[in-house]
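Spelled out from the first residue to the last, the chains are:
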Amino acid sequence: YFSDAFEVSLRQNGQYSDPGGVAWTASTRIAADFHVPLGDQGQWVPYIGANVGYAYGHPFHDTFEAAPEAGLKYYANATTFIYLSVEYQFFFDQHSTTPGVFRNGEFRYGLGIGFRF
């Protein structure tokens, strides 16, 4: 956190499934978010931002991605929060004949716990 309103973060996530064949995906992303603390103690924090990174997996085609994002954090104390998030990842298809073309995006939803330090 650079201030109460501006955060930059590094995120890593992964998924695995085996519905008749092994499939896994992961991504590594850098995100920047603008926060608006609400509530009598600033415990409710809606945010909006964007991230950029690299997505990879099997049988997924490895590619760069970018995504707008929004969410809500609830701070249980000064360093621990629960969050809900949504983003739409645009994938840059590296096999395209036109540079910079977006291909096959997807929504990602999140629910989790985070720690501020």
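Caption draft 1: The arrangement of the pairing of strand β3 (residues 44-58) in detail. Both strand β2 (residues 23-35) and β3 contribute to a ladder of twelve bridges, which runs antiparallel. Across the sheet, Trp24 pairs through a bridge with His58, a residue of β3. Pairing analysis gives twelve bridges linking β3 to strand β4 (residues 63-75), with the strands arranged antiparallel. Each bridged residue has a counterpart across the sheet, and for Val52 the counterpart in β4 is Ala66. Linking two consecutive strands that pair antiparallel, namely β3 and β4, is a turn of four residues.

Caption draft 2: Broad picture of empty space enclosed by the protein. The final tally for this structure, using the stated rule, is one cavity of 30 Å³ or more. The calculated volume of the largest cavity comes to roughly 30 Å³. Around the largest cavity, the lining residues are Thr25, Ala26, Ser27, Ala55, Phe60, Gln89 and Arg108. A per-element tally of the lining of the largest cavity places β2 first, with three residues.

Caption draft 3: Quick peek at the environment of Phe92. Considering the arrangement of structural elements, one finds Phe92 in strand β5 (residues 80-92). On the basis of relative accessible area, Phe92 is assigned to the partly exposed category, the value being 27%. Spatially, the C-alpha atom of Phe92 lies 5.9 Å from that of Thr63, the residues being 29 residues apart in sequence.

Caption draft 4: Fine view of the side chain of Glu7. Here Glu7 shows up in strand β1 (residues 6-17). Polar contacts involving the side chain of Glu7 include one to the side chain of His35, which spans 3.1 Å. Setting aside chain neighbours within four positions, we find Glu7 in contact with Tyr1, Ala31, Ala32, Asp33, His35 and Lys73.

Caption draft 5: Structural context of the packing of aromatic side chains. Throughout the structure, instances matching the rule amount to ten aromatic pairs. Arranged with centres 4.9 Å apart and planes meeting at 70°, the rings of Tyr54 and Phe64 form a pair that is edge-to-face. Of this pair, Tyr54 sits in strand β3 while Phe64 is found in strand β4, placing the two residues ten residues apart along the sequence. A relative accessible area of 54% means that Phe64 is categorised as exposed. Judged by centre distance (5.1 Å) and plane angle (50°), the ring pair of Tyr75 and Phe81 falls under tilted. With relative accessibility at 7%, the residue Phe81 sits in the buried group. Put simply, the rings of Trp24, Tyr54, Tyr56 and Phe64 pair up and form one aromatic cluster. A cation over a ring is seen here: Lys73 above Tyr47, with NZ or CZ 5.3 Å from the ring centre.

Thresholds, definitions, all that
Residues numbered from 1 in each chain as written. Predicted model: local features only at pLDDT ≥ 70, side-chain atom pairs only at ≥ 80, totals over all residues. Heavy atoms only, no water. Pairing = 2+ DSSP bridges. Helix = DSSP H or I, 4+ residues; strand = E, 2+ residues; numbered from the N terminus. 1 Å grid on protein atoms, 1.4 Å probe; cavity = no way out; pocket = protein on both sides within 12 Å on 5 of 7 lines; lining within 4 Å. Points joined across faces, edges and corners; volume = space filled by probe spheres on them. Buried < 20%, exposed > 50% of the residue type's maximum accessible area, 1.4 Å probe, protein only. Polar contact = N/O pair within 3.5 Å; in protein donor to acceptor, adjacent residues only side chain to side chain. Contact = heavy atoms within 4.5 Å. Phe/Tyr/Trp six-rings, centres within 6.5 Å; stacked < 30°, edge-to-face > 60°. Lys NZ or Arg CZ within 6 Å of the ring centre and 35° of its normal.

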